[in-house]
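# Per-entry structural report
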Amino acid sequence: MSNKIKHHLTDDLLMAYAAGTLPEAFDLMVSTHLSLCNQCRALAESFDAVGGYVLEKQDETVAMNDKALAETMALIANGAPIAKPRRPGCSVLPSPLQDYVGGDVNDIRWRPIGMGVKQAILPTTGDATARLLFIPAGTAVPDHSHNGVELTMVLQGAFSDEVDHFARGDVEIADEDLHHTPTADITGDCICLAVTDAPLKFNKLMPRLFQPFLRI
Ligand SMILES: [Zn+2]
């Protein structure tokens, strides 16, 4: 499943994910990638193990109130909510993303942003933004650079830019120094998850004028 993924998350991101210090949008990116990538999942589990070891080695424990155990056991006895079964055949969105769109790819509420490209901003808290991008086959996203960090992961189809070719599960990590023009493969429409920690800077006038309205 994951042996075709060439572009992975950084150790820094996986460690921050294990520590629980990422903004929600980046958390979503990591959990979505981990659901497709055995290699990064193994690394993330080793970082989790480090956290567990640190917890065990703590000499000091903090007492909880007397009723905490009984109350927790009562909650378990009353039955924890059972996760909704996933619809069969929903293969584009991994389960962490299905929760954000209330279904799968057919439930995404796309907004056109020009040249056939569409986006759907996902509801996340924190300063970072998560969005799904739809790029029609053979279409280029306007040339842009970045004020902060942008992570883009392919969910369907593939795209190429000045850096490389990216297919399902691959993550491109772009920073302030990267100018790129991602172009969807001609063989099919491309759907990506993109997270940013600052607004993108568009180099051409029109997209820049529209930027405040599109929140990109
Ligand atoms: Zn990976």
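Residues numbered from 1 in each chain as written. Predicted model: local features only at pLDDT ≥ 70, side-chain atom pairs only at ≥ 80, totals over all residues. Heavy atoms only, no water.

### Details of unusual backbone geometry
The phi dihedral of Met115 falls on the positive side, at around 55°, and the residue is not glycine. Under the relative-accessibility criterion, Met115 is labelled exposed at 58%. (Buried < 20%, exposed > 50% of the residue type's maximum accessible area, 1.4 Å probe, protein only.)

### What about a nonpolar patch on the surface?
Among the surface-exposed residues, Leu69, Met73 and Ile76 lie close enough to one another that they form a single nonpolar patch of about 350 Å² accessible area. A relative accessible area of 62% means that Leu69 is categorised as exposed. (Patch = residues over 30% accessible without salt bridge, like charges linked within 9 Å, V, L, I, M, F, W, Y side chains within 5 Å. Areas by Shrake-Rupley, 256 points an atom, 1.4 Å probe, with all protein chains shown as cover. Salt bridge = Lys/Arg side-chain N within 4 Å of Asp/Glu carboxyl O.)

### Here's the deal with helix 2 (residues 24-34)
Judged by how many residues are buried, helix 2 sits mostly within the fold: 9 of 11 residues are covered. The set of residues buried in helix 2 consists of Ala25, Phe26, Leu28, Met29, Val30, Ser31, Thr32, His33 and Leu34. (Helix = DSSP H or I, 4+ residues; strand = E, 2+ residues; numbered from the N terminus.)

### Looking at the environment of Ala140
Its place among the elements puts Ala140 in the loop between strand 3 (129-135) and strand 4 (144-146). On the accessibility criterion, Ala140 (30% relative accessible area) is partly exposed. Taking C-alpha positions, Ala140 is 8.6 Å from Val117, a pair spaced 23 residues apart along the chain. With sequence-adjacent residues up to four places away left out, Ala140 is seen in contact with Val117, Thr181, Pro182 and Thr183. (Contact = heavy atoms within 4.5 Å.)

### Let's talk about a negative patch on the surface
A cluster of acidic residues, Asp127, Asp175, Glu176, Asp177 and Asp197, forms a negative patch on the protein surface. Its location among the elements puts Glu176 in the loop between strand 8 (171-174) and strand 9 (183-184). (Lys, Arg positive; Asp, Glu negative; His and termini not counted. Charge placed at Lys NZ, Arg CZ, Asp CG, Glu CD.)

### Observations regarding the confidence of the model for the protein chain
On average, residues of the protein chain score 82 in pLDDT, and 79% of them reach the 70 mark or higher. Here residues 202-211 is modelled with pLDDT under 50, and outside its nearest four sequence neighbours on either side it reaches 18 contacts, counting other chains as well. (pLDDT = per-residue confidence, 0-100.)

### Focus on the environment of Asn65
Relative to the helices and strands, Asn65 resides in the loop between helix 3 (38-57) and helix 4 (68-77). Here Lys67 takes part through its backbone nitrogen, which lies 2.8 Å from a polar atom of the side chain of Asn65. (Polar contact = N/O pair within 3.5 Å; in protein donor to acceptor, adjacent residues only side chain to side chain.)

### Section: the packing of aromatic side chains
Using the criterion set out here, one finds 2 aromatic pairs in the structure. Here the aromatic rings of Phe159 and Phe166 are separated by 5.1 Å at their centres, their planes lie at 20°, and the arrangement is stacked. Across the pair, exposure class does not vary: Phe159 and Phe166 are buried alike. The residue whose ring lies beneath Lys118 is Phe134, and the NZ or CZ to ring-centre distance is 4.4 Å. (Phe/Tyr/Trp six-rings, centres within 6.5 Å; stacked < 30°, edge-to-face > 60°. Lys NZ or Arg CZ within 6 Å of the ring centre and 35° of its normal.)

### Some words on the sheet that holds strand 8
Taken in spatial order, the 6 strands line up as 1-2-3-10-5-8 in an open sheet, and their pairing is antiparallel. Single-partner strands in this sheet number two, and they are strand 1 (111-112) and strand 8. Looking at chain direction, strand 2 (residues 118-122) and strand 3 are connected through 5 bridges and run antiparallel. Across the sheet, the residue bridging to Gln119 is Leu133, located in strand 3. Packed onto the sheet, helix 2 meets strand 2, strand 3, strand 5 (150-156), strand 8 and strand 10 (190-196) and runs at close to 140° relative to strand 10. (Pairing = 2+ DSSP bridges. Axes fitted to C-alpha atoms, helices over the stretch in contact; angles between N-to-C directions.)

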